[in-house]
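Inside the fold
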Amino acid sequence: AAGVIQSPRHLIKEKRETATLKCYPIPRHDTVYWYQQGPGQDPQFLISFYEKMQSDKGSIPDRFSAQQFSDYHSELNMSSLELGDSALYFCASSLEGGLDTEAFFGQGTRLTVV
Amino acid sequence: AQSVAQPEDQVNVAEGNPLTVKCTYSVSGNPYLFWYVQYPNRGLQFLLKYITGDNLVKGSYGFEAEFNKSQTSFHLKKPSALVSDSALYFCAVRNFNTGGFKTIFGAGTRLFVKA
């Protein structure tokens, strides 16, 4: 079965550079979520989109922005990168974003800022 | 505030023995509760969920969880642990007060199953 695809899997950037992470949800899923997971930490919600509109916002820094495109894929844009941005970034998708709907996670993009 | 607590950072169990990974929650209103498992360098995988109905929920890989409203708990259980169950387990909650599009995760519990 098709899963959530994230690219790239690994990314190394220098401080103050920009990075773009991509997420391709499961076909027909209309909701995408982004999470940040630091080493040894639980996933922290960043932002979500439902039907191409931002649906909720968590602890996403102002330096980050995201959007969901007409084909439902999503991109997380990160600018002025800081060392503390080094983390595993997960994208998840679900259908209709219902409260009782589980999310399906991608394998994540490991971002290392040096 | 909505929150999820996993009181144990780590659980150790011998293969073949029953395992329990604890989770308690604090939400106003009815909770929607989930368990996810994370293997090294992998994304979270859904295990099971409680929405309504029977308090005992059965999920993937032989796992089950019991919803206890009076104790606000949703402990994950398995009758007989396997070495391959060793992973990081996250309890999560959603309800109307978290918004439909945000899942609150617990801090995670690392399960070690010894052969």
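The following paragraphs examine the structure supplied in this document. (Residues numbered from 1 in each chain as written. Chains lettered and ligands numbered in written order. Predicted model: local features only at pLDDT ≥ 70, side-chain atom pairs only at ≥ 80, totals over all residues. Heavy atoms only, no water.)

Quick look at the layout of surface pockets now. Its volume calculated, the largest pocket comes out at about 420 Å³. Split by residue class, the lining of the largest pocket holds ten nonpolar, eight polar and three charged. Approximately 300 Å³ is the volume attributed to the second largest pocket. Lining the second largest pocket are 15 residues; nearest its centre among them are Gly3, Phe104 and Phe105 of chain A together with Leu44 and Gln45 of chain B. Of all the secondary structure elements, the ones that give two or more residues to the lining of the second largest pocket are strand E10 (104–105) of chain A together with strand E6 (44–50) of chain B. Looking at the lining of the second largest pocket element by element, the count peaks at three residues for E6 of chain B. (1 Å grid on protein atoms, 1.4 Å probe; cavity = no way out; pocket = protein on both sides within 12 Å on 5 of 7 lines; lining within 4 Å. Points joined across faces, edges and corners; volume = space filled by probe spheres on them. Nonpolar A, V, L, I, M, F, W, Y, C, P; charged D, E, K, R; others polar. Helix = DSSP H or I, 4+ residues; strand = E, 2+ residues; numbered from the N terminus.)

Looking now at the packing of aromatic side chains. Each aromatic ring pair is characterised by the separation of its centres together with the angle its planes make. If you walk through the whole model with that rule in mind, you get 15 aromatic pairs over all chains. Three or more aromatic residues joined by ring pairs make a cluster, and in this case those are Tyr35, Phe45, Phe90 and Phe105 of chain A together with Phe34, Tyr36, Phe46, Phe90 and Phe105 of chain B. (Phe/Tyr/Trp six-rings, centres within 6.5 Å; stacked < 30°, edge-to-face > 60°.)

Contact with chain A, which involves 28 residues of that partner, is made by 24 residues of chain B. When chain A packs against chain B, close to 2000 Å² is buried across both sides, 57% of that on carbon and sulfur atoms. Between the two partners, chain A and chain B, sit one salt bridge. Here Lys49 of chain B makes a salt bridge to Glu102 of chain A, at a shortest N to O gap of 2.8 Å. The interface formed by chain A and chain B holds three residue pairs in polar contact (both at pLDDT 80 or more) in total. Where the side of chain A that touches chain B is concerned, the elements lending two or more residues are strand E4 (31–37), strand E5 (44–50), strand E6 (53–57) and strand E9 (87–94) of chain A. (Contact = heavy atoms within 4.5 Å. Buried area = accessible area lost by both parts, 1.4 Å probe. Salt bridge = Lys/Arg side-chain N within 4 Å of Asp/Glu carboxyl O. Polar contact = N/O pair within 3.5 Å; in protein donor to acceptor, adjacent residues only side chain to side chain.)

Of note, the bond from Ser7 of chain A into Pro8 of chain A is cis; its omega dihedral lies within 30 degrees of zero at -10 degrees. Tracing the backbone through its elements, the reader meets Pro8 of chain A in the loop between strand E1 (5–7) and strand E2 (10–13). One non-glycine residue with positive phi stands out, namely Tyr72 of chain A, at about 75 degrees. Examined against the element boundaries, Tyr72 of chain A turns out to sit in the loop between strand E7 (64–68) and strand E8 (74–78). The exposure class assigned to Tyr72 of chain A is partly exposed, which follows from its relative accessible area of 23%. Non-glycine residue Tyr61 of chain B carries a positive phi angle of around 55 degrees. (Buried < 20%, exposed > 50% of the residue type's maximum accessible area, 1.4 Å probe, protein only.)

Let us now look at the environment of Cys23 of chain B. Residues and elements named next belong to chain B. Within the secondary structure, Cys23 is located in the loop between strand E3 (19–21) and strand E4 (24–26). For the pair Cys23 and Gly106, spaced 83 residues apart in sequence, the C-alpha to C-alpha distance is 7.9 Å. Apart from the residues within four sequence positions on either side, Cys23 is in contact with Val4, Ala5, Trp35, Thr72, Ser73, Phe74, His75 and Cys91.

Attention now moves to the nonpolar core. Soluble globular proteins tend to pack their nonpolar side chains together in the buried interior. Grouped together as the largest cluster of nonpolar side chains are 27 residues, with contacts concentrated most on Trp35, Leu47, Leu48, Phe74, Leu76 and Tyr89 of chain B. If you list the elements that add at least two residues to this core, you get strand E2 (10–14), E3, strand E5 (32–38), E6, strand E8 (64–68), strand E9 (73–78), strand E10 (87–94) and strand E12 (109–114) of chain B. A per-element tally of this core places E10 of chain B first, with four residues. Phe74 of chain B has contacts with Cys23, Leu33, Phe34, Trp35, Leu48, Lys49, Tyr50, Ala65, Glu66 and Phe67 of chain B, leaving out every residue within four places of it along the chain. Grouped together as the second largest cluster of nonpolar side chains are 22 residues, Ile26, Ile47, Ala66 and Leu111 of chain A included. (Core = buried A, V, L, I, M, F, W, Y, C linked by side-chain atoms within 4.5 Å.)

Along the polypeptide, Glu102 of chain A turns up in the loop between E9 and E10. Overall, Glu102 of chain A belongs to the buried group, its relative accessible area being 15%. Polar side-chain contacts of Glu102 of chain A include one of 2.8 Å to the side chain of Lys49 of chain B. Beyond its immediate stretch of four places on either side in the chain, Glu102 of chain A contacts Ser93 and Ser94 of chain A together with Phe34, Tyr36, Phe46 and Lys49 of chain B.

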